[in-house]
Amino acid sequence: MPLNATTQSACQFDTANANATIDLPDYEAALAATYAPDQAQVSVSVYCNKGTPISARKLDGNALANSAATAVTLTLNLDGTAGSSTFDTRVWYVAGPTNAVASGVFKGAQRYVTVIHAGWPTTPQYRAPTGFYTGSVDFTVEF
């Protein structure tokens, strides 16, 4: 009796990425120091079954946000005052290493690493009152 099976392309985010957070340093301190566009980052891992390449990575739907020069602007809101007090940051991604997983839950999969960077714009933002600002950006992969 023949037995047939079919597999489809599949990818899964590492559960360790469930609450991936980037904490930017103090804005004024960052401007006072030698300005660098990349002030903070987080690594995100995606596991795909063998033979499933990632065809696109996107931040807020933008595949071209893959360098500091093409970063997306993300508006952060002062906690508890959504929309009334805002602060801008820049976010981009860089494709990291890809490797075969030799052991563990994802044994045999391809691991794709993406490093998501955030930094302050070079233009001072004096409109923002003192406080703690938050926001979020969607990171998606296509395969």
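Worth saying up front: this structure is predicted, and the values here are computed from it rather than measured.

1. What to know about the packing of aromatic side chains
Right, so step 1: Enumeration over the complete set of coordinates arrives at six aromatic pairs.
Right, so step 2: Here the aromatic rings of F13 and F139 are separated by 6.0 Å at their centres, their planes lie at 75°, and the arrangement is edge-to-face. Taken together, the residues F13 in strand β1 (residues 11–13) and F139 in strand β8 (residues 139–142) connect sequence positions 126 residues apart.
Right, so step 3: Since its relative accessible area comes to 14%, F139 is described here as buried.
Right, so step 4: Grouping aromatic residues by their ring pairs yields a cluster made of Y27, F87, W120 and Y133.

2. A word on the pattern of salt bridges
Right, so step 1: With the rule as written, the count across this model stands at two salt bridges.
Right, so step 2: Of the charged contacts, one joins R127 and D88 as a salt bridge, the two residues approaching to 3.2 Å between their closest N and O atoms. Of this pair, R127 sits in the loop between β6 (110–119) and β7 (133–134) while D88 sits in strand β5 (residues 86–100), and the two are 39 residues apart along the sequence.

3. Some words on the sheet that holds β5
Right, so step 1: The strand order across the open sheet built from six strands is β1-β2-β6-β5-β4-β7, with neighbouring strands paired in antiparallel fashion. Of all strands in the sheet, those with a lone pairing partner are β1 and β7, marking the two edges.

4. So, the environment of A71
Right, so step 1: Looking at where A71 falls in the secondary structure, it is placed in the loop between β3 (56–59) and β4 (72–78).
Right, so step 2: Measuring from C-alpha to C-alpha, the distance between A71 and E142 comes to 19 Å, with 71 residues separating the pair along the chain.
Right, so step 3: Aside from chain neighbours lying at most four places away, what touches A71 is R90, V91 and W92.

5. A word on the side chain of S85
Right, so step 1: Mapped onto the elements, S85 comes out in the loop between β4 and β5.
Right, so step 2: Overall, the relative accessible area of 14% leaves S85 in the buried class.
Right, so step 3: Look past the residues within four positions of S85 in its chain and what remains in contact with it is L76, N77, L78, P129 and Y133.

6. Re the pairing of β6
Right, so step 1: Of all ten residues that make up β6, eight are buried, and the element is covered over most of its length.
Right, so step 2: Relative to β6, strand β2 (residues 40–48) runs antiparallel, the two sharing nine bridges. Paired with A40 across the strands is A118, a residue of β6.
Right, so step 3: Pairing analysis gives nine bridges linking β5 to β6, with the strands arranged antiparallel. Residue pairing in the sheet places N99 in a bridge with R111 of β6.

7. Regarding unusual backbone geometry
Right, so step 1: The backbone of D60 shows a phi angle near 45°, a positive value even though the residue is not glycine.
Right, so step 2: When you line up the elements, D60 lands in the loop between β3 and β4.

8. A few points about the confidence of the model for the chain
Right, so step 1: Scored by pLDDT, the chain comes out at a mean of 89, with 94% of its residues at no less than 70.
Right, so step 2: Across the chain, the element-wise mean pLDDT spans from 77 in helix α1 (residues 27–32) up to 96 in β3.

What counts, and at which threshold
- Residues numbered from 1 in each chain as written.
- Predicted model: local features only at pLDDT ≥ 70, side-chain atom pairs only at ≥ 80, totals over all residues.
- Heavy atoms only, no water.
- Phe/Tyr/Trp six-rings, centres within 6.5 Å; stacked < 30°, edge-to-face > 60°.
- Helix = DSSP H or I, 4+ residues; strand = E, 2+ residues; numbered from the N terminus.
- Buried < 20%, exposed > 50% of the residue type's maximum accessible area, 1.4 Å probe, protein only.
- Salt bridge = Lys/Arg side-chain N within 4 Å of Asp/Glu carboxyl O.
- Pairing = 2+ DSSP bridges.
- Contact = heavy atoms within 4.5 Å.
- pLDDT = per-residue confidence, 0-100.

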